[in-house]
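# Architecture and fold: a report
Listed below, chain by chain, are the residues.
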Amino acid sequence: MSPRKINRKAIYILIMEKSKYNRNNRKPQNKTNVERKKRGGPDFSYNNRGSEIHLSPDRTNARNNYAAKSVLSDALSDTGVVIGRNSVRELLKSDRDIDKLLVQKGEREGSIVMLVAQAVEKGIPVVETDKNRLDEISGFGHHQGVVATASEKEYCSVDEILEIAKERGENPLIVIADGITDPYNLGALIRCAEGAGAHGLIISKRRAVGMTFSVSKSSAGAIEHLAVAKVSNIASTIRSLKEKGIWVFAAEAGGKPYYKTDFKGPCALVFGSEGNGVSRVVLDACDAVTSIPMYGKVNSFNVSTAASVILCEAARQNRGL
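The following refers to the structure shown. (Residues numbered from 1 in each chain as written. Predicted model: local features only at pLDDT ≥ 70, side-chain atom pairs only at ≥ 80, totals over all residues. Heavy atoms only, no water.)

Taken in spatial order, the four strands of this open sheet run 3-6-4-5, and their pairing is mixed. Two strands in the sheet have a free side with no partner beyond their single neighbour: strand 3 (81-83) and strand 5 (126-129). Mean inter-strand twist for the sheet, computed between neighbouring axes without regard to direction, equals 25°. Across three bridges, the pairing between strand 3 and strand 6 (residues 146-150) is antiparallel. Bridged to I83 within strand 6 is V147. Here helix 5 (residues 111-121) sits on the sheet and contacts strand 4 (98-104), strand 5 and strand 6; the angle it forms with strand 4, its principal contact strand, is near 150°. (Pairing = 2+ DSSP bridges. Helix = DSSP H or I, 4+ residues; strand = E, 2+ residues; numbered from the N terminus. Axes fitted to C-alpha atoms, helices over the stretch in contact; angles between N-to-C directions. Contact = heavy atoms within 4.5 Å.)

This is the structure we're talking about:
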């Protein structure tokens, strides 16, 4: 075989191998742009780094807003957690309910100062935490020292919960969560409350979990059928309910057995966290304490388990069964 033929064959093999390599290692097309073309939106690219938007300066404000809303929507759809200064700014501009704003401890500078001021103005709790906690919440994304948690459900007022009971022609049955921080426990509590026919749930703005994605998922869809009110002070809300003729019972150890407690009429049941139970100030504001007798070696049930037992008894009594 002549040298000329060998060279041609070698060149052909190299060309084919290179073509195959390029096909296998081709960069994926920007799916966001493809989807945007299908929707008829503007065609432009941006980098999504931890939900933070980076656009070239020659883009118009309309395109910037379009990209910001698109990224914000993507962030909310999965976890309800929004990270990065620009994304949080867009969230604050929107009409979404925001549970809290988490900012990194230390000196506040630049746009974070403005974000905190906007949150305070809207009555959104601002919580200082360390960088490790922010890293964990954001999935180690580029959070820039600020993370916001958006509610998966629109909140209502306590009066609206009472109105729901009135429209149904029933005595109000309200569940109050005092300091429950575990989203899975709160989600399970919501499921129990809705299943027992409660008219609404009251949670605290501070030192408690809000209506996050995890809570929504744990409720198995019950969150869509139960009204939820968020208040600044649980004890003050209890006193207000008592003035409206509602009896308030705290589910705590050392009280009257639940099956001997009279739940007939308008009532509210308070359930505390598994670690601390119902707080002292909230306990003092209640009318009475009700308990589930324990016959084994453990001294308490999970909060949602306890709630299901007591709520079903309250529902039974109010339905005359």
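Following the structure, the description resumes.
Across all of its chains, the model carries nine salt bridges by this definition. D284 is the salt-bridge partner of R280, the closest N and O atoms lying 3.4 Å from each other. Here R280 and its partner D284 are both found in helix 11 (residues 280-285), four residues apart, which amounts to about one turn of the helix. (Salt bridge = Lys/Arg side-chain N within 4 Å of Asp/Glu carboxyl O.)

The next subject is the pairing of strand 9 (residues 227-231). Looking along a regular strand, one sees side chains alternate from face to face of the sheet. Burial analysis of strand 9 places five of its five residues in the buried class, which makes it a mostly covered element. Looking at chain direction, strand 8 (residues 200-204) and strand 9 are connected through five bridges and run parallel. Residue I202 lies in a different strand from strand 9, and its bridge partner there is A229. With helix 9 (residues 213-218) bridging strand 8 and the parallel strand 9, this β-α-β connection has right-handed handedness. (Buried < 20%, exposed > 50% of the residue type's maximum accessible area, 1.4 Å probe, protein only. Right-handed = clockwise from strand over helix to strand, strands pointing away.)

Looking now at helix 10 (residues 234-243). Residues separated by three or four positions in an α-helix point in the same direction, a consequence of the helix having 3.6 residues per turn. Where helix 10 is concerned, the buried positions are I234, A235, T237, I238 and L241. Buried residues of helix 10 fall within an arc of 160° about the axis and therefore sit on the same side. A side-chain oxygen of the first residue of helix 10 lies 3.0 Å from the backbone nitrogen of A235; this N-cap is N233. In the segment just after helix 10, G245 is the residue with positive phi, at about 85°. (Arc of directions from axis to C-beta. Polar contact = N/O pair within 3.5 Å; in protein donor to acceptor, adjacent residues only side chain to side chain.)

This part is about the layout of surface pockets. By volume, the largest pocket amounts to about 730 Å³. Lining the largest pocket are 25 residues, and of these K100, R133, I137, T149 and V209 lie nearest its centre. Classifying every residue of the lining of the largest pocket gives 10 nonpolar, eight polar and seven charged. A volume near 450 Å³ is recorded for the second largest pocket. As for the second largest pocket, its lining consists of 21 residues, and the residues nearest its centre are A251, E252, A253, S300 and F301. Elements with a contribution of two residues or more to the lining of the second largest pocket: strand 10 (247-257), strand 11 (267-272), strand 12 (288-291) and helix 12 (303-318). Residue composition of the lining of the second largest pocket, by class: 10 nonpolar, nine polar and two charged. (1 Å grid on protein atoms, 1.4 Å probe; cavity = no way out; pocket = protein on both sides within 12 Å on 5 of 7 lines; lining within 4 Å. Points joined across faces, edges and corners; volume = space filled by probe spheres on them. Nonpolar A, V, L, I, M, F, W, Y, C, P; charged D, E, K, R; others polar.)

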